[in-house]
Every structure is written in C-alpha cells, then in structure tokens.
Amino acid sequence: MTETVEELRSRAAAWLATNRQHAPRDYGAICPPDLVNEGVAWQRLIYNNGFAGLHWPTEHGGQGLTPAHHGAWVEECAKAGVPPVLNMVGLVLAGGAVMTFGTDELKQQHLRSTLSAEHVWCQLFSEPGAGSDLGSLSTRADRDGDRFIINGQKVWCSGGRCSNWGILMARTDFNAKKHEGISFFLIPMDLPGIDVRPLKQMTGESEFDEVFFTDVELPAEYLIGPLNGGWGVGMAVLTNERGHIGASVIGLERRLESMASLGRGVGLLPSQRQELAALLSKGTAYKAMALTQGPVASTASSLMKLGITEMMFGVAMLRGDISGANAMLDGPDAVGMMSAPGGRIAGGTSQVQRNIIGERLLGLPREPK
Ligand SMILES: Cc1cc2nc3c(=O)[nH]c(=O)nc-3n(C[C@H](O)[C@H](O)[C@H](O)COP(=O)(O)OP(=O)(O)OC[C@H]3O[C@@H](n4cnc5c(N)ncnc54)[C@H](O)[C@@H]3O)c2cc1C
C-alpha cells in the first residue's frame, strides 16, 4: 500500500524531531558557501533515510510518491526550521531539466547522484549584459564535432566554487531571433578553461562567483533538450521553482512572529510603531492570500514574491532604524540592511514581478519590446 500524504507527514515530523540537530541553519533556497559541507551531510542523511526526491521515480533514487508528498516534506521542514534540500538548483532546476528533457544516460548519471549530494549544482544563467533580459545572453557554445566550445562570462553564480556541476544557458545560433538561438547544457565545473572568481558583497561575504569560460571543450552529450531550444528548457525549469506556497506560509508565520517581537521591551517611537503595524498588516494579508492559493504554482506567486521580499526589505530597514546609529556600523542589523536588497533582485526583480502582475493578472498592455 502506498503511504498517504498524512502518513508521510507524521513520519517526517517524527524523524525531523530526532534528527534536526544535524541540519545546518535554515538558509533558504540556496546553500551559502560557508555551510556547504554541513548542507551536503544533511542532504546525504535525508537521502539515506528515504526523504530525498519523494516524488522522483524509484529507479532514479526517489521514492516514487507524488508532488503532494514532497510538499508535505517541505512543510514539515519549514516547521522544524531546517532546509528541506541542499539546494533548489540541484533538486528543482537541474533535476527537473534532466528528468523532463534528459536522455536515459543523463538520467542514470545525474538523478540519483543529485539526491545523494554527490553532484552539487550551480546555475550559470546571468551575465553582465543579461539578467532580467536573459534572452540577451552572449556566452557562446560553438559546435565542433562531438563537442561544443564554450567562451564567455557568467556572473552572480551562487555557490559556483562549491559546485561540481552547473546548468548553463549559452548561445548556439547568433543569427536566429534572440530566444531561438539558445541551448541548455549540463557542464562539469572542473573542465579546463573554467575560471571561478568569488565576488565580494557589501556585507563582506562572498556568496556569488563570476565564472569565465575560455575555449572550454564540453562533450555534446551534455546538451539537454533540442539544439537552439534551450529557452523552452530554461523557462520550464524556472516555472518549477515556484509553488512551495505551503512552506512559504509557515516561513511567513515565523517572520510575522519575529516582527511582532520587534516592538517588545524597547520604546518604539510612534512613527516606528506605525511602520511596524503597516508591515505586519501587509504580512498578514499575504498569508491570507497564500492560504487561498493552495499548493499550485501560478502567476499569483509573483504577488507573493514581490510582497514578501518588499516586506522583508522594510523590516530590515525598520530594524536598523530601531537600533539607531550603531546599526549603521556593524552587527546583525547592519548586515541585514545590506543583504535585504538581494531578495528584491534574486529570482526576478521587483520591477519584473510588477510587469508580470500588470500584464498577466491585471491585463494591462504588454510593455514595449
Ligand atoms: C541573491 C542572488 C542570487 C542569485 N543567484 C544567481 C545564480 O545562482 N545564477 C544566476 O545565473 N543568477 C543569479 N542571480 C542573478 C539574478 O538572476 C539577476 O541579478 C536578476 O535576474 C537581475 O538581473 P541583473 O542583475 O542583470 O539586473 P538588470 O536586469 O540589469 O536590472 C537592472 C534594473 O533594471 C530593472 N529592470 C530590468 N528590466 C526591466 C523591465 N523590463 N521593466 C522594469 N524594470 C526593469 C531591474 O528591476 C533592476 O532594477 C542572483 C541574484 C541575487 C541577488
């Protein structure tokens, strides 16, 4: 008999209660470089105990259950305050691309080893001249017999130096319309000609890397999906990125509790109290909206992404304001203010989310191309 979602939920909650002390702190979608060893060990523990890839086929290391089972696991992890997976790039983006578009050989090579954290993935999409407008990317992949020769530069690659595999979007036809000349590849990060250089952020940390490709020889078998059809592959896997609404409600509840405690024990100025009340009201409205959404990914997730990251930006600024002049110099409030803008940029900027909401939800005219 197949385990029901509720049975799985109870088993996961019981396992997490005794194993959560082995988990790194809950870092969100992508494991930061300083936690990668802990994150890999945690993913292996999850895999060895049968909670990794619950919705993936058993022949590829999964448990052959449904996305609803996986959703319950993600929610239980959110309740326990632990990451549900080493990183979203591996399980959702690389795993989704290989599962949907990969050959049998690529599935054999990558799926089980992604679940067991032997393959740790990074995302090589953004470039200095292509971020929101990813279709403008210019890193090139030129076919040469049974290989592609890669030249160009990627940027903002989270955890690039801690990854042994990457998913890469590169241009394979410079004469086609911009979205029609792109292909999607898997790439081993240790190939000769790949140079990974950490970028220092204003927080002092280095979570991202620039990645330079000089005459990198990539075997043609690592092309995923059709030649020049990489845009479709990329968009299909990025859409998978959304849809953990249930877990985001739990995360949001935690944030609202922590926000409410901002006012306790400190004498807030009237203006700060008003600001806090406004942020809490918005957060409560987002929670209500998420609860009516159900677990299905939709354009409305742009509303959640926009709303929550803008709210968290406001909270970081309010914390700094409450802490006073010292917060400008050092400590967690200063770091919070400096890292908050990143949330409004990663995974589609706030402006881009507003465009999506305007065009697809409100039915406004499309922006001029
Ligand atoms: C924390 C974090 C992690 C990331 N991790 C990765 C990663 O692992 N791999 C990867 O490939 N990339 C990653 N990125 C990069 C991210 O995808 C890009 O930063 C993002 O897509 C924006 O692109 P950009 O930085 O080039 O800015 P641009 O696209 O140049 O935007 C500049 C400004 O113009 C605005 N703008 C752009 N287009 C429009 C428009 N049509 N309408 C209105 N305003 C517009 C933007 O909102 C922004 O304010 C990460 C970014 C962050 C912050």
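Everything numeric in this text was worked out from a predicted model, so none of it was measured.

> For the overall build of the protein, give the residues involved together with the corresponding values.
A tally of helices and strands in the protein yields 11 helices and eight strands. Relative to the 2.2 N^0.38 estimate, which gives 21 Å for 369 residues, the radius of gyration of the protein is 21 Å and therefore close to what a compact globule would have. Evaluated residue by residue, the protein yields a buried proportion of 37% over its 369 residues. Within the protein, residue pairs in contact and separated by at least 24 positions form 69% of the contacts whose partners lie at least 6 positions apart.

> Give me the lowdown on the packing of helix α9 (residues 300-323) against helix α11 (residues 350-361), citing residues and values where you can.
Viewed as axis vectors pointing N to C, α9 and α11 meet at an angle of 145 degrees, and their least axial separation amounts to 9 Å. As α9 packs across α11, the resulting crossing turns out to be left-handed. Here Ala300, Ser302, Leu303, Lys305, Leu306, Thr309 and Glu310 of α9 come into contact with α11, specifically with Ser350, Gln353, Arg354, Ile356, Ile357 and Leu361. The residue inventory of the contact of α9 with α11, partitioned by class, reads six nonpolar, four polar and three charged.

> Report on helix α4 (residues 88-101), specifying residues and quantitative values.
One full turn of an α-helix is made of 3.6 residues, so residues set three or four places apart face in the same direction. Taking the largest bend as the criterion, α4 deviates by roughly 35 degrees, centred on Gly95. By the criterion of burial, α4 is predominantly enclosed, with 12 of the 14 residues buried.

> Run through the site of the ligand, naming residues and quoting values.
Near the ligand, the surroundings consist of 17 residues, among which Gly131, Ser132, Ala346, Thr349 and Gln351 are the closest. Within the residue set of the shell around the ligand, elements represented by two or more residues are β1 (121-124), β3 (147-158) and α11. Residue composition of the shell around the ligand, by class: seven nonpolar, nine polar and one charged. Here the shell around the ligand gathers at least three residues from each of two domains, domain 2 (121-228) and domain 3 (242-361).

> If you had to explain the packing of helix α1 (residues 5-19) against helix α3 (residues 67-80) to someone new, which residues and values would you point to?
Between α1 and α3, the least distance of the axes is 9 Å, while the angle of their chain directions is 30 degrees. Comparing the axis directions of α1 and α3 gives the class roughly parallel. In the packing of α1 onto α3, the handedness of the crossing is right-handed. Of α3, the residues touching α1 (which contributes Val5, Leu8, Arg9, Ala12, Ala13 and Leu16) are Ala68, His69, Ala72, Trp73, Glu76, Cys77 and Ala80.

> Any chance you could break down the domain arrangement of the protein for me, citing the residues and the numbers?
Domain annotation for the protein reports domain 1 (5-86), domain 2 (121-228) and domain 3 (242-361). For domain 1 and domain 3, the distance between their C-alpha centroids amounts to 25 Å.

> So what about α9? Which residues, and what values?
The end-to-end C-alpha distance of α9, which contains 24 residues, comes to 35 Å, matching closely the 34 Å that a straight helix rising 1.5 Å per residue would cover. Backbone geometry just downstream of α9 places Gly324 in the positive-phi region, at approximately 85 degrees.

> Can you lay out the pairing of β3 for me, pointing to particular residues and giving the numbers?
Consecutive side chains along a regular strand alternate between the two faces of the sheet. Examined bridge by bridge, strand β2 (residues 140-144) and β3 share five bridges and lie antiparallel to one another. Bridge pairing in β3 places Asp144 opposite Arg147. Counting the residues that bridge the hairpin from β2 to β3 gives two residues, and of these Gly145 lies at a positive phi of roughly 65 degrees. Strand direction decides the pairing type here: β3 and strand β7 (residues 208-219), joined by nine bridges, are antiparallel. Note that in β7 the partner of Cys157 across the bridge is Asp209.

> Please provide a residue-by-residue account of the nonpolar core, values included.
Counting 82 residues, the largest nonpolar core has Leu93, Ala94, Ala97, Ile167, Phe185 and Ile224 as its most contacted members. Broken down by element, this core gets its largest block of residues, nine residues, from α4. Look past the residues within four positions of Phe185 in its chain and what remains in contact with it is Ala141, Leu168, Ala170, Leu218, Tyr222, Leu223 and Ile224.

> Outline unusual backbone geometry, supporting the account with residue identities and numerical values.
With a phi close to 65 degrees, Ala117 is a non-glycine residue in the positive phi region. Looking at the element boundaries, Ala117 is found in the loop between α5 (104-115) and β1. In this structure, Asp215 is a non-glycine residue whose phi angle is positive, near 50 degrees. By secondary structure assignment, the location of Asp215 is in strand β7.

> Residue-level account of the environment of Asp173, with values.
Its place among the elements puts Asp173 in the loop between β4 (165-171) and β5 (182-188). C-beta crowding within 10 Å serves as the criterion here: with 16 such atoms nearby, Asp173 is assigned to the partly exposed category. Along the chain, Asp173 and Val315 lie 142 residues apart, while their C-alpha atoms are 45 Å from each other. Discounting chain neighbours no more than four positions away, the residues touching Asp173 are Gly181 and Asn228.

Calculation rules
Residues numbered from 1 in each chain as written. Predicted model: local features only at pLDDT ≥ 70, side-chain atom pairs only at ≥ 80, totals over all residues. Helix = DSSP H or I, 4+ residues; strand = E, 2+ residues; numbered from the N terminus. Rg over C-alpha atoms; globule rule 2.2 N^0.38 Å. Buried ≥ 20, exposed ≤ 12 C-beta atoms within 10 Å, placed from the backbone. Contact = placed C-beta atoms within 7 Å. Axes fitted to C-alpha atoms, helices over the stretch in contact; angles between N-to-C directions. Left-handed = near helix turned anticlockwise from the far one by under 90°. Nonpolar A, V, L, I, M, F, W, Y, C, P; charged D, E, K, R; others polar. Bend = angle between axes of the 7 residues up to and from the residue. Near = placed C-beta within 6 Å. Domains from an automatic or database assignment. Parallel < 35°, antiparallel > 145°, perpendicular 65-115°, else oblique. Expected span 1.5 Å × (residues − 1). Pairing = 2+ DSSP bridges. Core = buried A, V, L, I, M, F, W, Y, C linked by C-beta atoms within 7 Å.

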